[in-house]
Amino acid sequence: MTPRSPAAPGRPHRLDVIIASGGLLVGLLLWTLDLYGGPPVLGLPAPLTLLALTAMSTAELMRRTAPMAALAVAVPALALDIAAGTLVATVLMFTDVVYAAVLYGPPAAARRIPVHSVLVTVLATIVLTAVWRDPQVVLISIGIALITTAPAWTGLIIRNHRDAAQTARLRAEQTALLAEMDRTQAVAGERARMARELHDLVANHLSAIAIHATAAQTIDDPAATREALGVIRENSVQGLAEMRRLIGLLRDPKATGNNDEPAATPTLDGLEALVDQARTNGAGSGLTFVLDDARRLTGPDAEPKPPAPVELAAYRIVQESLTNALKHAAPGRVRVRIAHGPEGALVVLVRSPYADRPRPRAPGSGAGLVGMRERIALLGGEFDAGPESGPEGRDWLVRATMPATGEEEQP
């Protein structure tokens, strides 16, 4: 598409130079061969048609760079040409200047020139009919329309098509940009989700391995060492199995494993097993674990089962909270409570003994609280974690409230 030219005159376009040169040469040839119009309308000397031809050729040079200036030159040049004897080349170049003024000129000119060309044709027809009552008036009116109205409306039609194509192109570019932004956001969201799942799947087992490996190194007791190694092996096997399942899901979301592998989407039914595992992992740390499931699962007041995203988030909250308790909590009792809140919301409370330790029992990435907060935010729930005074002293309390409906994508 040829770009719209600036208002200030510039260097003529190469195609415009060819058109102007060709029109000038054809006009000179027609003049040399005496092939020009009938007698002058106003009795002006015939050589003035050459001046009109030169002026029209000059207007053609500006048809793209300064279309309105070209039209201002072309109109008097055409009038001079008709008054002194008409050259066909001059008339044809005038039609092209009118066409270019509509196509390349400012929007206001593109709207007005076609309308004015129709008015000129109608007024010329009325005047000629009133002055010269002859059937040839019809042919002359058609000729006027062909050199004014036809090129003007042709330029307007092409300009509208060009503008529509440009608008469609811009809309397509905007759509592509929005699609790329959506893709980038989707990739970032998926990366964050994968990071949360990987952290939740592996951190618990690796923390238990680190704690018991430290105990095996520091305690000079063969029985305790064997017990620690057994816990290390159990957590290693479970961690590897969950890693294989996660990798399999990432490679093929439709893939399913055998019944011996852990479930792809944990549910609240697995909390008892999760707490039992925490009891085993924290046996040497002076920690005890208690699960209080206060949900109304049976009876007339039974609450419906939460959606899968809510169950998954609750399971991961408990899992990460138990992992943090194994790494940071002081000796004492860790209490996990699951209950229904107002409007069927699911409430998770994990309370663990809080003490300022010089260093954790096992190193961590610091992403646990961030991941839990992100999970609850995706579900539109509320999350809070921090120290709080409890009935047995100062505790670290994790509180998460999830609505009855969830939108988080399952792993």
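As a reminder, the structure under discussion sits directly above these lines.
Here's what I pulled together on the structure shown here. A quick note: this is a predicted structure, and the numbers were derived from the prediction, not measured.

### With respect to the packing of helix α2 (residues 48–61) against helix α4 (residues 88–104)
Turning to step 1, where the next piece is worked out: Two elements in contact, α2 and α4, have axes whose closest approach is 9 Å; the angle formed by their N-to-C orientations is 25°. In terms of axis orientation, α2 runs roughly parallel to α4. The two elements α2 and α4 cross, and the hand of that crossing is left-handed. Residue-level inspection shows A52, L53, M56, S57, A59 and E60 of α2 in contact with α4, the latter providing A89, T90, M93, F94, D96 and V97.
Turning to step 2, where the next piece is worked out: For the contact of α2 with α4, the residue count by class is 8 nonpolar, 2 polar and 2 charged.

### Focus: the environment of P304
Turning to step 1, where the next piece is worked out: Along the chain, P304 turns up in the loop between β1 (287–293) and α10 (308–328).
Turning to step 2, where the next piece is worked out: With 40 residues separating them in the primary sequence, P304 and G344 have C-alpha atoms 8.2 Å apart.

### Some remarks on unusual backbone geometry
Turning to step 1, where the next piece is worked out: You will see that D34, though not glycine, has its phi angle at about 60°, which is positive.
Turning to step 2, where the next piece is worked out: Structurally, D34 is set in the loop between α1 (14–32) and α2.
Turning to step 3, where the next piece is worked out: Residue classification places D34 among the exposed residues on the basis of a relative accessible area of 56%.

### Considerations on a nonpolar patch on the surface
Turning to step 1, where the next piece is worked out: Together, V115, V118, L119, V122, L123, I126 and W153 make up a nonpolar patch on the protein surface, roughly 610 Å² of accessible area in all.
Turning to step 2, where the next piece is worked out: Per-element tally for the nonpolar patch: the top contributor is helix α5 (residues 107–131), with 6 residues.
Turning to step 3, where the next piece is worked out: Locating V122 in the fold gives a position in helix α5.
Turning to step 4, where the next piece is worked out: Residue classification places V122 among the partly exposed residues on the basis of a relative accessible area of 43%.

### Overview of the packing of α5 against helix α6 (residues 136–147)
Turning to step 1, where the next piece is worked out: In the contact formed by α5 and α6, the axes pass within 9 Å of each other and the chain directions differ by 160°. Classified by the interaxial angle, the pair formed by α5 and α6 is roughly antiparallel. α6 is crossed by α5, and the crossing has right-handed handedness. Between α5 and α6, the contacting residues are T121, A124, T125, L128 and T129 on the first element and V137, I140, S141, I144 and A145 on the second.
Turning to step 2, where the next piece is worked out: Residues that form the contact of α5 with α6 fall into these classes: 6 nonpolar, 4 polar and no charged.

### Re the side chain of E311
Turning to step 1, where the next piece is worked out: Among the secondary structure elements, E311 is positioned in helix α10.
Turning to step 2, where the next piece is worked out: You can call E311 buried: its relative accessible area is 4%.
Turning to step 3, where the next piece is worked out: When residues no more than four places from it in sequence are discounted, the contact partners of E311 are P266, T267, L268, K305 and P306.

### Here we look at the pattern of salt bridges
Turning to step 1, where the next piece is worked out: According to the stated counting rule, one finds 16 salt bridges in the structure shown.
Turning to step 2, where the next piece is worked out: The shortest N-O distance in the salt bridge between R337 and D292 comes to 2.5 Å. Placement of R337 in strand β2 (residues 332–340) and of D292 in strand β1 is noted, with a sequence separation of 45 residues between them.
Turning to step 3, where the next piece is worked out: The exposure class of R337 is partly exposed, given its relative accessible area of 35%.
Turning to step 4, where the next piece is worked out: Residue D384 is joined to R399 by a salt bridge in which the shortest nitrogen-to-oxygen separation is 3.9 Å. One end of the pair, D384, is in strand β4 (residues 382–390); the other, R399, is in strand β5 (residues 393–402), and 15 residues separate them in sequence.
Turning to step 5, where the next piece is worked out: Accessibility expressed as a relative area gives 31% for R399, which makes it partly exposed.
Turning to step 6, where the next piece is worked out: Within the structure, one salt-bridge network assembled from shared partners comprises R335, R351, D384, E388, D395 and R399.

### Some thoughts on the packing of aromatic side chains
Turning to step 1, where the next piece is worked out: For the structure on display, the rule yields 1 aromatic pair.
Turning to step 2, where the next piece is worked out: A centroid spacing of 5.8 Å and a plane angle of 25° characterise the contact between Y354 and W396, whose relative ring orientation is stacked. Here Y354 is found in the loop between β3 (346–353) and α11 (368–379), whereas its partner W396 is found in strand β5, with 42 residues between them in sequence.
Turning to step 3, where the next piece is worked out: On the accessibility criterion, Y354 (29% relative accessible area) is partly exposed.
Turning to step 4, where the next piece is worked out: Judged by relative accessible area, W396 falls into the partly exposed class, the value being 26%.

### Brief notes about helix α9 (residues 271–281)
Turning to step 1, where the next piece is worked out: Among all positions of α9, only L271, L274, V275, Q277, A278 and N281 are buried. Down the axis, α9 shows its buried residues gathered within 155° of arc, on one side only.

### As for the nonpolar core
Turning to step 1, where the next piece is worked out: Among the nonpolar cores identified, the biggest contains 31 residues, and F289, I317, V318, L322, V348, F383 and M402 are the most heavily contacted of them.
Turning to step 2, where the next piece is worked out: The set of elements that each furnish at least two residues to this core consists of α9, β1, α10, β2, β3, α11, β4 and β5.
Turning to step 3, where the next piece is worked out: When residues in this core are grouped by element, the largest group, 9 residues, is from α10.
Turning to step 4, where the next piece is worked out: Not counting the four nearest positions on each side in its chain, F383 is found in contact with I317, L369, M372, R373, I376, V398, R399 and A400.
Turning to step 5, where the next piece is worked out: Counting residues in hydrophobic clusters, the runner-up holds 24 residues, among them M56, M93, A152 and L156.

So, how was this worked out
- Residues numbered from 1 in each chain as written.
- Predicted model: local features only at pLDDT ≥ 70, side-chain atom pairs only at ≥ 80, totals over all residues.
- Heavy atoms only, no water.
- Axes fitted to C-alpha atoms, helices over the stretch in contact; angles between N-to-C directions.
- Helix = DSSP H or I, 4+ residues; strand = E, 2+ residues; numbered from the N terminus.
- Parallel < 35°, antiparallel > 145°, perpendicular 65-115°, else oblique.
- Left-handed = near helix turned anticlockwise from the far one by under 90°.
- Contact = heavy atoms within 4.5 Å.
- Nonpolar A, V, L, I, M, F, W, Y, C, P; charged D, E, K, R; others polar.
- Buried < 20%, exposed > 50% of the residue type's maximum accessible area, 1.4 Å probe, protein only.
- Patch = residues over 30% accessible without salt bridge, like charges linked within 9 Å, V, L, I, M, F, W, Y side chains within 5 Å.
- Areas by Shrake-Rupley, 256 points an atom, 1.4 Å probe, with all protein chains shown as cover.
- Salt bridge = Lys/Arg side-chain N within 4 Å of Asp/Glu carboxyl O.
- Phe/Tyr/Trp six-rings, centres within 6.5 Å; stacked < 30°, edge-to-face > 60°.
- Arc of directions from axis to C-beta.
- Core = buried A, V, L, I, M, F, W, Y, C linked by side-chain atoms within 4.5 Å.

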